[in-house]
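# Commentary on secondary and tertiary structure
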Amino acid sequence: MESHNPPLQSLGQPNAFDALSACIHCGMCLPACPTYRVTGSEAESPRGRLYLMRASVEGQLAEPKQLMDHLDLCLGCLGCQTACPSGVNYEALLMQSRQKLVQYQNPVKRWIRRLLLKQVLPRPFILNGFAKVLRLYQISGLQRLVRNLQLPKLLGPLGKQERFMPQIPEGKPISLGQVFGVNQRGRVALFTGCIMNAVYHRVHQATIAVLVANGYEVVIPEQTCCGALAHHSGERDIVESLAKQNLDKLLAANPDWIVVNAAGCGSTLKEYDHILEALPEGRVFSEKVIDVMALLAKRPLAEPLDPVSDRVTYHAACHLHHAQRVQQEPYEVLKQIPGLTLIPLTEAEMCCGSAGVYNLAHPDLSLAILQEKMGHVEKTQADIVLAANPGCMLQLETGIAQSSIAMDVMHPIEILAKAYRDQ
Amino acid sequence: MGSMSKITPTLKRLFQRIVGHAFVLDAPEVLKAYECDACVLMKAQPDLVVLPANTQEVAQVVKICHEFEIPFIARGSGTGLSGGTLPVSGGIFIGLSRMNHILEIDPENRIARVETGVINAWLNRDTRPFKLFYAPDPSSQAACSIGGNIAENAGGIHCVKYGVTTDHILGLEVVTPEGDIVSLGGPHGHYRGINWVGLFVGSEGTFGIATQAIVRLTPLPQTIKVFLASFSKLQHAAALVADIMASGLRPSALEMMDDVTIKAVNEAFSTGFPQDAEAVLLIELDGHTDEVAMAEQQLMPLLSQHQVQQLRQAEDEAERLTLWKARKGAVAAYGRILPAFYLHDCVIPRSELVHVLTQIQAIGKAHEVVIANVFHAGDGNLHPNILLDPDDPAMVKRVLAAGEEILKACLDVGGVLSGEHGIGIEKSEFMDLVFTWDEIDVMRRLKQVFDPKGIANPDKILPVKSGCGEVRKGLAPHMLQAQGTWI
């Protein structure tokens, strides 16, 4: 094919895509890829995407769109990276490609997205205010009215997205600047995140309670958005600026650990060493970042633990299992809770289709992926499905709302908090 | 690449009407992504990809192909190694990737009914709770489809004891090249009359498309023990293999890895195989606990006769699974050394292992290529992987030359072309080295019975007879064509 506009080759360092050569085209990644599973198309598989990246680097694709279309559909779940025996660094290649491809996107859409990433997400009061309005919409009965009138159907694509709207619970987001507990085992800074704090502040309360019960002093320093969404969209300047702010603010609190209970945020915070490669503190920062379940797995849980009689199953969030490789720790921690029944979930580590705002950008594909997940979840007949990421929690709630099953969605730390409820 | 595309907009619409718009793919970059499977040396793009959801859709698509004489090729996960799905004369792919449902597991009768796009490893995952398993386990098990296994009559690590795919397929639902749906065999295997299932398994998609299979399930053994023995010389390991098999022992796996493989695997899976060894053997015994104990007693004296450097037993199930995962991921782990590989698949008499492995080492040296061996030693099924960089045409030439010499060395000692990867397009031109032209003609006539128009995976398995004085084409043309360096 004639090459008119090689999108990748002429940009960046010539060796930036050398990592592509590690792909030996064996196909072991295919069944681990949610979009391949749903579409059946080689071009929506990790092997296919890597092949197209290579074609693009070699100038064999006529248009940037020919690569962009397929990378856009990638959830970034990194299931392929866990499956790959050859050690292909898919994540790095995907990020590099997206950073180069953003310039070819629709300028209006990009401008709106950049505005959201730069001006809305980093300002908690906007998000929290929006959550309040949403809660009003939900408790006033307006949502029920809208849904009963089948209005979402009239909205076309927007209607599909209405289904992914989070149910906003009672209570207030955690305010910054507070300190809890006494330092016996260490001082930790809690990263609150945007969605977690706006929608699931109860998870933060549980996290603080469990950490305090386990001898940690918990501080909640000033901070901003982790930049995950900007990072995954290839908007490098935005993520760099957010990373720099978080680095200064969180390190100023002088913590032993920076504790995260949102897998997506945790994985991005751990990458600050690459994102801020020019700053030596980037590495110091990233090494301090730890998921709350991984921190608690470091030593036996503090006694006494009350029995918890729930029947639970655990969905392994991609950005915990695949990106951070925190795989066994959540099970190790949960197994210490007396009375808890932990039911294995088939393909626990397959993506649920949430993937940041993927469910809003590609609702049909996201719902198809969710459907596969819900099939396995239903079979467990658990009372509660656990997930350590707000995006997954929202997605699973959508899945349950659409099905006939009655199941709660919780963060694993909330089950732990139950075991410490009388303390 | 194939001839001019026969796919008119009208035909495309017909396909779309059958499977839905989303599942007819013809964007140029999508066709490019389909241009090769797990063997990157051979490339050809299909004219169109159709992804049906069920047997009826497959049949309707094939009917159109039959009517308009469009070549069609069934494709599963694209993990093949012999170019078995390469559309060298153009045509369409009928991808079975969406037909991936396990329809029924019947533990009482020890069978399962599956769509053929089901991934081999999923079947094992779902039958395990019933203490049953599907025995053929190719190394690509985590990704390859049952349909692909049927086409290639795939083997695997445990086939030395349990047999290959054909021993485990009881019945098939097949769409014939004329678009009819037929049932071959059944839940109790083939009845009287011609064994159609036996004929179909291993036909590499040239007789039609299997859309569903009834497979035999085997009870999981009570006890499994895996031993890891390392050797300072490849030949010592090979001699032990021959002796084990001659002794009457029936190991459930007997696998060999050489030094290049050991290093790649250690890096990929942290297996901790001895780095200074020239070979390791993985020996698995399974069965009733007493039976395994007796087999172990028989095995130990053999080991002591064969200069074993180090002997280790997998401590627990976790370690055993890691060892097998490493073995099965070995070929992909070569990506850590060079970006591609070219892999042969000959089977030789086990008594010739020492001799042929020595020759392969010499061939590698003579052609200055890296050869990594990882193979089903107990079956005598060699897998010499010649590692390469596809962007280095001189290296590719040396690799192909070494490959051809290895193949001939194997045939010289009475070996066969392929144990489990199939003939495909890669080895079809070598068929006359192991079969007479009369025998090949019988195969060709058989193919014509099933596929009178010659549209089901054309150009595969059967060689084109060369005229007098014509130079043998060898396996090189398709590969060198892909490299853009015709001779």
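Rules of the game
The residue numbers shown here count from 1 along each chain, following its written sequence. Working convention: letters from A go to chains and numbers from 1 go to ligands, in the order in which they are written. Per-residue local features of the predicted model are confined to residues with pLDDT of at least 70, and side-chain atom pairs are confined, for both listing and counting, to 80 or more; whole-chain, interface and lining totals are unaffected and use all residues. The side-chain quantities take in all heavy atoms of the structure and omit both hydrogens and water. Only DSSP runs of H or I covering at least 4 residues are called helices, and only runs of E covering at least 2 are called strands; the numbering of each starts at the N terminus. Atoms considered for the radius of gyration are the C-alpha atoms alone. The globule rule reads 2.2 Å times the number of residues to the power 0.38. For every residue, the accessible area (1.4 Å probe, protein chains only) is compared with the maximum for its type, and the residue is labelled buried under 20%, exposed over 50%, or partly exposed between those bounds. The contact definition used throughout considers only heavy atoms, calling two residues in contact when any of these lie within 4.5 Å. Using a 1.4 Å probe, accessible areas were evaluated by the Shrake-Rupley method; residue-level cover was limited to the displayed protein chains. Neither His nor the chain ends is counted toward charge; the positive residues are Lys and Arg and the negative residues Asp and Glu. A single reference atom marks each charge: NZ on Lys, CZ on Arg, CG on Asp, CD on Glu. Between any two strands, pairing holds if DSSP finds at least two bridges. Throughout, an axis means a line fitted to C-alpha atoms (over the contacting stretch in the case of helices), and angles, computed between N-to-C directions, take values from 0 to 180 degrees. Given the number of residues in a helix, its expected span is that number minus one, multiplied by 1.5 Å. The predictor attaches a confidence to each residue, called pLDDT, with possible values from 0 through 100. A residue counts toward a patch only above 30% relative accessible area and without a salt bridge, and it is joined to like-charged neighbours within 9 Å or, for Val, Leu, Ile, Met, Phe, Trp and Tyr, to nonpolar neighbours within 5 Å. The rule for a salt bridge is simple: a side-chain nitrogen of Lys or Arg has to be within 4 Å of a carboxyl oxygen of Asp or Glu. By the definition adopted for this analysis, an angle is roughly parallel if under 35 degrees, roughly antiparallel if over 145, roughly perpendicular if from 65 to 115, and oblique otherwise. For any helix crossing, the convention is left-handed if the near helix is rotated counterclockwise from the far helix by under a right angle, and right-handed if that rotation is clockwise. Gly falls in the polar group here, along with every residue not listed as nonpolar (Ala, Val, Leu, Ile, Met, Phe, Trp, Tyr, Cys, Pro) or charged (Asp, Glu, Lys, Arg). This arc describes the spread of directions from the helix axis toward the C-beta atoms.

Turning next to the overall build of chain B. Along chain B, the regular secondary structure elements total 16 helices and 18 strands. The C-alpha radius of gyration computed for chain B amounts to 22 Å, which stays within 12% of the reference 23 Å derived for 487 residues, consistent with globular compactness. Projected onto its principal axes, the C-alpha coordinates of chain B cover approximately 70 × 55 × 40 Å. A burial count over chain B gives 60% of its 487 residues as buried. Taking as baseline every contact in chain B between residues at least 6 positions apart, the subset at least 24 positions apart corresponds to 73%. Within the structure as shown, chain B displays about 18800 Å² of accessible surface, and the carbon and sulfur contribution to it stands at 53%. Side-chain charges in chain B split into 41 positive and 56 negative, and the spacing between the mean points of these groups amounts to 3 Å.

Further remarks concern unusual backbone geometry. Glycine aside, negative phi is the norm for most residues, and most peptide bonds take the trans geometry. Residues and elements named next belong to chain A. Glu303 connects to Pro304 through a cis peptide bond whose omega is -5°. With respect to the helices and strands, the residue Pro304 is situated in the loop between helix H18 (292-296) and strand S6 (311-315). Even without being glycine, Arg325 reaches a positive phi, approximately 60°. Tracing the chain through its elements places Arg325 in the loop between helix H19 (318-323) and helix H20 (329-334).

What follows covers the sheet that holds strand S9 (residues 181-185) of chain B. Residue and element names in this part refer to chain B. Spatial ordering of the open sheet is given by S5-S6-S10-S8-S9, a layout of five strands whose pairing is antiparallel. Because the sheet does not close on itself, it has two edges, and the strands there are strand S5 (102-106) and S9. Sheet twist, expressed as the average angle between the axes of neighbouring strands with direction ignored, equals 10°. Two strands pair when backbone bridges link them, and strand S6 (residues 111-115) and strand S10 (residues 209-216) are joined in this way by five bridges, in the antiparallel orientation. Directly across from Ile111, in S10, lies its bridge partner Arg216. Along the sheet, helix H4 (residues 120-127) contacts S5, S6 and S10; its crossing angle with S5, the most-contacted strand, is approximately 40°.

All names here are of chain A. Taking 1.5 Å per residue, 12 residues should reach 16 Å; helix H5 (residues 90-101) reaches 16 Å between its end C-alpha atoms and fits that length. Taken together, the buried positions of H5 are Tyr90, Glu91, Leu93, Leu94, Met95, Ser97, Arg98, Lys100 and Leu101. On its buried side, H5 packs onto helix H2 (46-57), helix H3 (65-72), helix H4 (79-83) and helix H13 (228-232).

In low-pLDDT regions, the fine details of the predicted coordinates are not to be read closely. Residue and element names in this part refer to chain B. When pLDDT is averaged across chain B, the result is 91; 94% of the residues are at 70 or more. This model gives residues 467-477 a pLDDT under 50, and the stretch forms 12 contacts once residues within four places in sequence are excluded. Considering only residues more than four positions removed or in separate chains, one finds that residues 480-487, a stretch of pLDDT under 50, has 15 contacts. With a pTM of 0.91, the predicted complex shows an ipTM of 0.92.

Residues and elements named next belong to chain A. A grouping of Val108, Trp111, Ile112, Leu115 and Leu116 is seen on the molecular surface, where their side chains present a nonpolar patch of about 510 Å² in accessible area. Within the secondary structure, Leu116 is located in helix H6 (residues 107-120). Looking at Leu116, the relative accessible area reads 44%, which means it is partly exposed.

Residues and elements named next belong to chain A. Read from one edge to the other, the open sheet built from five strands follows the order S1-S3-S2-S4-S5, with strand pairing classed as mixed. Each having just a single partner strand, strand S1 (179-180) and strand S5 (289-291) make up the two edges of the open sheet. Sheet analysis places S1 next to strand S3 (residues 216-219), joined by two bridges and oriented antiparallel. Paired with Phe180 across the strands is Val218, a residue of S3. This element, helix H15 (residues 263-270), spans strand S2 (186-191), strand S4 (257-260) and S5 of the sheet and lies at about 155° to S5.

Applying the stated criterion to the full structure yields 36 salt bridges over all chains. A salt bridge links A:Arg49 to A:Glu44, with the nearest nitrogen and oxygen atoms 3.8 Å apart. Of the two residues, A:Arg49 and A:Glu44, neither departs from the other in class, the shared state being buried. The closest approach of N and O atoms between B:Glu35 and B:Lys32, which form a salt bridge, is 3.0 Å. Residues joined in a network through salt bridges with shared partners are A:Arg37, A:Glu347, A:Glu372, B:Arg125 and B:Asp126.

Residues and elements named next belong to chain A. As a packed pair, H2 and H3 sit with axes 10 Å apart at the nearest point and diverge in direction by 155°. Considering the angle they form, H2 stands roughly antiparallel to H3. Note on packing geometry: the crossing formed by H2 with H3 is left-handed. Between H2 and H3, the contacting residues are Arg49, Leu52, Met53 and Ser56 on the first element and Gln66, Leu67, His70 and Leu71 on the second. Across the contact of H2 with H3, the residue classes break down as four nonpolar, three polar and one charged.

We now examine helix H12 (residues 353-366) of chain B. Side chains of residues three or four places apart in an α-helix project in the same direction, reflecting 3.6 residues per turn. Residues and elements named next belong to chain B. Taking 1.5 Å of rise per residue, 14 residues should cover 20 Å, and H12 covers 20 Å from first to last C-alpha, within 8% of that figure. Those residues of H12 that fall on the buried side of the exposure criterion are Leu353, Val356, Leu357, Ile360, Ile363 and Gly364. One face of H12 carries all of its buried residues, which in axial projection span an arc of 115°. Exposed residues on H12 whose side chains face more than 90 degrees from its buried face are Lys365 and Ala366. The elements touched by buried residues of H12 are helix H8 (234-246), strand S13 (253-258), strand S17 (370-375), strand S18 (384-388) and helix H13 (393-412).

Along the chain, A:Leu52 falls in helix H2. Remark: the alpha-carbon pair of A:Leu52 and A:Met68, spanning 16 residues in sequence, is separated by 9.7 Å. Other than its neighbours up to four places away in sequence, A:Leu52 contacts A:Leu61, A:Gln66, A:Leu67, A:His70, B:Glu29 and B:Ala33.

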